[in-house]
Number of protein chains: 2
Amino acid sequence: MSHSHLDKIEPLSIDCVVFGFEAESHDLKILLIKRAIEPHFGSWALPGGFILYSEGIDEASNRILNEMTGIENLYLKQLRAFGEVNRYPDKRVITLSYYALVKPGNYTLTPGDDASAAEWFLLSESPSLPFDHQEILDEAISTLRREVRNRPIGFELLPEKFTLLQLQKLYEAILGIELDKSNFRRKIQRMNLLVKLDEWEENVAHRAARLFKFDKDIYDDLQNKGLIFDV
Amino acid sequence: MSHSHLDKIEPLSIDCVVFGFEAESHDLKILLIKRAIEPHFGSWALPGGFILYSEGIDEASNRILNEMTGIENLYLKQLRAFGEVNRYPDKRVITLSYYALVKPGNYTLTPGDDASAAEWFLLSESPSLPFDHQEILDEAISTLRREVRNRPIGFELLPEKFTLLQLQKLYEAILGIELDKSNFRRKIQRMNLLVKLDEWEENVAHRAARLFKFDKDIYDDLQNKGLIFDV
DNA sequence: TCAAAAGTGTTTGCAATACACCCATGC
DNA sequence: GCATGGGTGTATTGCAAACACTTTTGA
């Protein structure tokens, strides 16, 4: 995806909210970059940049995230436009927010020209953000929580084979609440989404848990139908 | 809300999807304008226009709808940006979609300079739309149906005092399905949203129905909490 | 033998759905 | 007296929520 530097630039930007979840630590994280351009040079902020005339907006979200962080080919979902007149200093810039949910371990972060660093932050320890990025982040969190209740997203975040407790911890991390073990298991198993394997955890200091994997066909089906997962 | 014609214009537009519901006829309608400007001069299309540098986007949605149709001070909710490179002929225009749900009888339509007419169309009889307006409309319908299931919206569309059947017909029109009378009544009454009045219909060719009104406090509360209305 | 997590079962209560049925009124 | 809609009742089924209990394993 190359483009000439002579391409006209829209006064329209994209800001990406990339959530990361680590199954091992049960931590929900957010990807930030350290700005190497004005305004707010040196601040940690959402990875973002300007849309070019020659690209669609979804395409742009992908390019911009890649240029800022090195992450390639990540599908980002659009949230909405933020367009207060003075949200950006000196000139009028309207921005489109996009978000995604990934496994941090899958990506090597390599900051591009406009960033001096790209790092994962614990959601609870994120620095204060410039522009209206905190508002954008807050809305993205709300959307993520709503989405996770309405469809089985986030299953890509677990290892191929996983235990029910790992799955439960994923939901607990995203939703920020505790769930009842028995009820969670019943509900998730009723969906016929999981395939019970004849394999077990090894080397754990307690009874070994059975491993499961996803039934890809049913998973895709549920994604489309938007089954309610009402935790 | 006045502004100079010298204001710079963003290559960013807004398109408004305004739904109308008439309690009497049980019809769900859509507001379209007949374009008096190029491109697509003469076509029926969503009311839309360009955002000015000097206004916030929510503000802009209001001004544009007013200029196109004469409707004043209508709160519109943003859906999302549509930004395919070639969605608009000749130049690059990204658009933000906004939507609202109103009672057609409350408004006098007066087309502005860029429109030769503004009219309500039955949703089922809307003409084919230019640009990507059909896609925008389809998404707005989906959003409306999702919203009406998740919170008690649309109650502004009924007369101050109404019968339960009128309320049921509203839901049926928006959702495009039939509902069971008994179950609908039980569910809606369980919400404590309605105040039972000691007034009845008059001059109807069947047993007169009791009238209800909304409990404004509870209504506002439910709007914020987003109670599930799972029809 | 203790801690930690796996895994199962039970009870309570409400809600969704599908019907069936009687009531009141104008034509 | 019949069509039209108002209004109520009931049986079934399934799930949510709370929580109690047994099992397995390593340290």
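Conventions adopted
- Residues numbered from 1 in each chain as written.
- Chains lettered and ligands numbered in written order.
- Predicted model: local features only at pLDDT ≥ 70, side-chain atom pairs only at ≥ 80, totals over all residues.
- Heavy atoms only, no water.
- Patch = residues over 30% accessible without salt bridge, like charges linked within 9 Å, V, L, I, M, F, W, Y side chains within 5 Å.
- Areas by Shrake-Rupley, 256 points an atom, 1.4 Å probe, with all protein chains shown as cover.
- Salt bridge = Lys/Arg side-chain N within 4 Å of Asp/Glu carboxyl O.
- Lys, Arg positive; Asp, Glu negative; His and termini not counted.
- Charge placed at Lys NZ, Arg CZ, Asp CG, Glu CD.
- Helix = DSSP H or I, 4+ residues; strand = E, 2+ residues; numbered from the N terminus.
- Buried < 20%, exposed > 50% of the residue type's maximum accessible area, 1.4 Å probe, protein only.
- Least-squares fit on C-alpha atoms with pLDDT ≥ 70 in both.
- Near = heavy atom within 4 Å.
- Polar contact = N/O pair within 3.5 Å; in protein donor to acceptor, adjacent residues only side chain to side chain.
- Contact = heavy atoms within 4.5 Å.
- Buried area = accessible area lost by both parts, 1.4 Å probe.
- Nonpolar A, V, L, I, M, F, W, Y, C, P; charged D, E, K, R; others polar.
- Axes fitted to C-alpha atoms, helices over the stretch in contact; angles between N-to-C directions.
- Parallel < 35°, antiparallel > 145°, perpendicular 65-115°, else oblique.
- Phe/Tyr/Trp six-rings, centres within 6.5 Å; stacked < 30°, edge-to-face > 60°.
- Lys NZ or Arg CZ within 6 Å of the ring centre and 35° of its normal.
- Expected span 1.5 Å × (residues − 1).

Let's talk about a negative patch on the surface
On the surface, D58 and E59 of chain A together with E84, E135 and D138 of chain B cluster together to form a negatively charged patch. Of all elements in the fold, only α1 (57-69) of chain A together with α2 (133-150) of chain B reach the threshold of two or more residues within the negative patch. Within the secondary structure layout, E59 of chain A lies in helix α1. Given the relative accessible area of 41%, E59 of chain A is considered partly exposed.

Remarks on the relation of the copies chain B and chain A
With an RMSD of 0.0 Å, the fit of chain B onto chain A corresponds to turning through 180° and sliding 0.0 Å along the axis. Taken together, the rotation angle and the small translation identify this as a two-fold axis. Relative to the rotation axis, the C-alpha of R80 of chain B is the closest in chain B, positioned 2.4 Å from it.

With respect to the protein's contact with DNA strand C
Taken together, 20 residues lie around DNA strand C, and K181, S182 and R210 of chain A together with N183 and R190 of chain B are the ones closest in. The sugar and phosphate moieties of DNA strand C supply 54% of its atoms located within 4 Å of the protein. Contact distances for DNA strand C include 3.4 Å between a base nitrogen and a side-chain N or O atom of R207 of chain A. Between DNA strand C and the protein, one listed contact pairs a phosphate oxygen with a backbone N or O atom of R210 of chain A at 2.9 Å.

Quick look at helix α4 (residues 181-190) of chain B
Where α4 of chain B starts, the residue carrying a side-chain oxygen 3.1 Å from the main-chain nitrogen of S182 of chain B turns out to be D180 of chain B. Looking at the residues trailing α4 of chain B, positive phi occurs at N192 of chain B, about 60°.

A few points about the interface of chain B and chain A
Buried accessible area, meaning the area lost when the parts come together, often serves as the stated size of an interface. Opposite the 20 residues of chain B that make contact, chain A presents 20 residues. Both faces considered, chain B and chain A share a buried interface measuring about 1500 Å² in area, 58% of it formed by carbon and sulfur atoms. When the buried area of chain B at its contact with chain A is split by residue, Y53, I57 and R92 of chain B rank highest and sum to 28% of it. Remark: the boundary between chain B and chain A carries zero salt bridges. If you look at where chain B meets chain A, you find ten residue pairs in polar contact (both at pLDDT 80 or more). Counting residues per element, the ones that place at least two in the side of chain B that touches chain A are β1 (9-22), β4 (48-52), β5 (77-82) and β6 (94-102) of chain B. Among the elements that take part in the side of chain B that touches chain A, β5 of chain B stands out by supplying five residues, more than any other. When the residues that make up the side of chain B that touches chain A are grouped by side-chain class, the tally is twelve nonpolar, four polar and four charged.

Comments concerning the packing of helix α3 (residues 164-175) of chain A against helix α4 (residues 181-190) of chain A
Residue and element names in this part refer to chain A. For the pair α3 and α4, interaxial distance at closest approach is 11 Å and the crossing angle is 100°. Taken together, the axes of α3 and α4 are roughly perpendicular relative to one another. Along its contact with α3, which presents L164, L167, Q168 and Y171, the element α4 presents K181, F184, R185, I188 and Q189.

A look at the protein's contact with DNA strand D
The environment of DNA strand D is formed by 20 residues, the closest being R190 and R207 of chain A together with K181, S182 and R210 of chain B. When the atoms of DNA strand D within 4 Å of the protein are grouped by moiety, sugar and phosphate amount to 56% of the total. Within the side chain of K181 of chain B, an N or O atom sits 2.7 Å from a base nitrogen of DNA strand D. Contacts to DNA strand D include R186 of chain B, whose side-chain N or O atom sits 3.1 Å from a base oxygen. Elements with a minimum of two residues in the surface near DNA strand D: α4 of chain A together with α4 of chain B. Residue contributions to the surface near DNA strand D peak at five residues, all from α4 of chain A.

Some details on the packing of aromatic side chains
The relation between two aromatic rings is expressed through the spacing of the ring centres and the mutual angle of the planes. Residue and element names in this part refer to chain A. Within this structure, the stated rule accounts for twelve aromatic pairs over all chains. Among the aromatic side chains, those forming a connected cluster through ring pairs are F50, Y88 and F131. A cation over an aromatic ring shows up here: R80 above the ring of F82, its NZ or CZ 3.9 Å from the ring centre.

Let's talk about unusual backbone geometry
The amide bond that connects E38 of chain A to the next residue, P39 of chain A, takes the cis arrangement and shows omega of -5°. By secondary structure assignment, the location of P39 of chain A is in the loop between β2 (27-35) and β3 (44-45). With a phi close to 65°, H26 of chain A is a non-glycine residue in the positive phi region. When you line up the elements, H26 of chain A lands in the loop between β1 (9-22) and β2. The partly exposed category is assigned to H26 of chain A, whose relative accessible area is 33%. Phi is positive for H40 of chain B, close to 60°, though the residue is something other than glycine. If you trace the backbone, H40 of chain B turns up in the loop between β2 (27-35) and β3 (44-45).

Things to note about the side chain of E22 of chain B
All names here are of chain B. Secondary-structure assignment places E22 in strand β1. Judged by relative accessible area, which is 19%, E22 ranks as buried. E22 has contacts with D27, K29 and P104, leaving out every residue within four places of it along the chain.

Regarding helix α2 (residues 133-150) of chain A
Between its first and last C-alpha, α2 of chain A extends 26 Å over 18 residues, near the 26 Å set by a 1.5 Å rise per residue. Every buried residue of α2 of chain A is accounted for by H133, I136, L137, A140, I141, T143, L144, E147 and V148 of chain A.

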